[in-house]
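Okay, here's what each chain looks like letter by letter:
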Amino acid sequence: MNILVIFATYSGGTQIASATLAEALKAEGHSVTVKGPAETQTDELVKSDAVVLCTPTWDFEGKEGQPHEDYVGFMEKTKGASLEGMPFAVLALGDSSYTHFCGSAEVLEAYVTSVGGILKVPSLKIDGYFFSQEKHTGSIREWAKSFSGTLSSK
Ligand SMILES: Cc1cc2nc3c(=O)[nH]c(=O)nc-3n(C[C@H](O)[C@H](O)[C@H](O)COP(=O)(O)O)c2cc1C
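The structure presented is a predicted model; accordingly, all values stated were derived computationally and were not measured.

Scoring rules and cut-offs
Residues numbered from 1 in each chain as written. Predicted model: local features only at pLDDT ≥ 70, side-chain atom pairs only at ≥ 80, totals over all residues. Heavy atoms only, no water. Buried < 20%, exposed > 50% of the residue type's maximum accessible area, 1.4 Å probe, protein only. Helix = DSSP H or I, 4+ residues; strand = E, 2+ residues; numbered from the N terminus. Arc of directions from axis to C-beta. Contact = heavy atoms within 4.5 Å. Near = heavy atom within 4 Å. Polar contact = N/O pair within 3.5 Å; in protein donor to acceptor, adjacent residues only side chain to side chain. Core = buried A, V, L, I, M, F, W, Y, C linked by side-chain atoms within 4.5 Å. UniProt positions renumbered as here; feature names shortened; annotations may be inferred. Pairing = 2+ DSSP bridges. Phe/Tyr/Trp six-rings, centres within 6.5 Å; stacked < 30°, edge-to-face > 60°.

## Quick word on helix H3 (residues 70-78)
Residue pairs spaced three or four apart in an α-helix point in one direction, given the helix's 3.6 residues per turn.
Part 1 of the reasoning: The set of residues buried in H3 consists of Tyr71, Phe74, Met75 and Thr78. Axial view of H3: buried residues confined to an arc of 95°, hence all on one face.
Part 2 of the reasoning: As for H3, its buried residues are in contact with strand E1 (2-7), helix H2 (42-47), strand E3 (50-56) and helix H4 (103-114).

Dropping the structure here:
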């Protein structure tokens with residue numbers, strides 16, 4: 001399947017996590033494109049067989065628990081897309097010392113539902129990526145496998 005992995009990052013964690021994810025999905029036999037929300041056009045989303053949205057959690061305009069700001073424009077420009085039944089998954093990086101731990105996942109989950117997409121697996125929420133990178137790499141690989149499993153059984 002053609003899987004589109006969309007990621008944005010501030011301090012680099014989500015970029016590395018997305019690369020791990022892409023590698024793991026390729027190992028499951030998928031063709032994977034990795035790009036940023038700002039570069040992703042609506043027709044690329046529609047053409048994909050599945051989409052993974054990857055984001056850090058940050059504060060945006062004074063509000064904590066938000067996705068990377070590039071997702072604001074992304075959600076706006078793609079909100080009218082016909083993505084009924086499109087398989088989606090959300091990978092969020094955060095830190096549990098913040099009040100809204102990985103609140104970005106909820107924002108992106110609501111977006112997926114609003115465009116008619118289907119969340120195939122529970123969102124993966126990573127706490128303190130750089131503090132336990134090896135452990136998180138393992139979790140991302142496992143999660144990629146389970147997401148892939150839901151696609152092949154479609
Ligand atoms: C200014 C700032 C705000 C943050 N806000 C949150 C937050 O609201 N919730 C959360 O879970 N993590 C929050 N984090 C933690 C980051 O999401 C976490 O460090 C993440 O790994 C960063 O990913 P990146 O390296 O891809 O930018 C915040 C970090 C910073 C520096």
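Don't stop here, the text continues.
## Describing the site of the ligand
Part 1 of the reasoning: Neighbouring the ligand are 19 residues; Thr9, Ser11, Gly13, Thr14 and Thr57 lie closest to it.
Part 2 of the reasoning: Here serine 11 contributes a side-chain N or O atom positioned 2.6 Å from an oxygen atom of the ligand.
Part 3 of the reasoning: Note that an oxygen atom of the ligand is positioned 2.7 Å from one of the backbone N or O atoms of glycine 13.
Part 4 of the reasoning: For the shell around the ligand, the secondary-structure elements that each account for two or more residues are helix H1 (13-27), strand E4 (58-60), strand E5 (63-66) and strand E6 (87-94).

## A look at the side chain of threonine 55
Part 1 of the reasoning: The topology assignment puts threonine 55 in strand E3.
Part 2 of the reasoning: Aside from chain neighbours lying at most four places away, what touches threonine 55 is Ala8, Thr14, Pro67, His68, Tyr71, Leu91, Ala92, Leu93, Ser104 and Leu108.

## Comments concerning the nonpolar core
Part 1 of the reasoning: Grouped together as the largest cluster of nonpolar side chains are 24 residues, with contacts concentrated most on Val5, Leu21, Leu25, Val52, Leu91, Trp143 and Phe147.
Part 2 of the reasoning: At the level of elements, E1, H1, E3, E6, strand E8 (124-127) and helix H5 (133-152) are the ones that each hand at least two residues to this core.
Part 3 of the reasoning: The contact partners of leucine 21, leaving out residues within four places of it in the chain, are Val5, Val52, Cys54, Leu91, Ile140, Trp143 and Ala144.
Part 4 of the reasoning: Counting residues in hydrophobic clusters, the runner-up holds 21 residues, among them Val51, Tyr71, Tyr111 and Val115.

## Things to note about the UniProt feature "domain: Flavodoxin-like" (unreviewed entry) in the protein
Part 1 of the reasoning: UniProt tags residues 3-148 as "domain: Flavodoxin-like" (unreviewed entry).
Part 2 of the reasoning: Taken end to end, residues 3-148 has its terminal C-alpha atoms 10 Å apart, with 40% of it in helix and 26% in strand.

## Description of the pairing of E3
Part 1 of the reasoning: Of all seven residues in E3, seven are buried, a share of seventy percent or more.
Part 2 of the reasoning: Taking every second residue as pointing to the same face, both faces of E3 are buried, with Ala50, Val52, Cys54 and Pro56 on one and Val51, Leu53 and Thr55 on the other.
Part 3 of the reasoning: Pairing of E1 with E3 involves five bridges; the strand directions are parallel. Residue pairing across strands places leucine 4 opposite valine 51, the latter belonging to E3.
Part 4 of the reasoning: Pairing of E3 with E6 involves six bridges; the strand directions are parallel. Pairing of leucine 53 across the sheet is with valine 90, part of E6.

## What about the side chain of serine 48?
Part 1 of the reasoning: Mapped onto the secondary structure, serine 48 falls in the loop between H2 and E3.
Part 2 of the reasoning: Beyond its immediate chain neighbours, meaning those up to four positions away, serine 48 contacts Asn2, Leu4 and Met86.

## A look at the packing of aromatic side chains
Both the distance between ring centres and the angle between the ring planes are used here to describe each pair of aromatic rings.
Part 1 of the reasoning: Tallied over the full model, the rule gives five aromatic pairs.
Part 2 of the reasoning: When the centroid spacing of 5.6 Å and the interplanar angle of 55° are considered together, the rings of phenylalanine 74 and tyrosine 111 count as tilted. Of this pair, phenylalanine 74 sits in helix H3 while tyrosine 111 is found in helix H4, placing the two residues 37 residues apart along the sequence.
Part 3 of the reasoning: Residue class for phenylalanine 74 comes out buried when judged on its relative accessible area of 1%.
Part 4 of the reasoning: Note on tyrosine 111: relative accessible area 5%, which makes it buried.
Part 5 of the reasoning: Seen from their ring centres, tyrosine 129 and phenylalanine 130 are 5.3 Å apart, and the 70° between their planes marks the pair as edge-to-face.
Part 6 of the reasoning: Take phenylalanine 130: its relative accessible area is 45%, and that puts it in the partly exposed class.
Part 7 of the reasoning: Grouped by ring-pair contacts, the aromatic residues Tyr71, Phe74 and Tyr111 constitute a single cluster.

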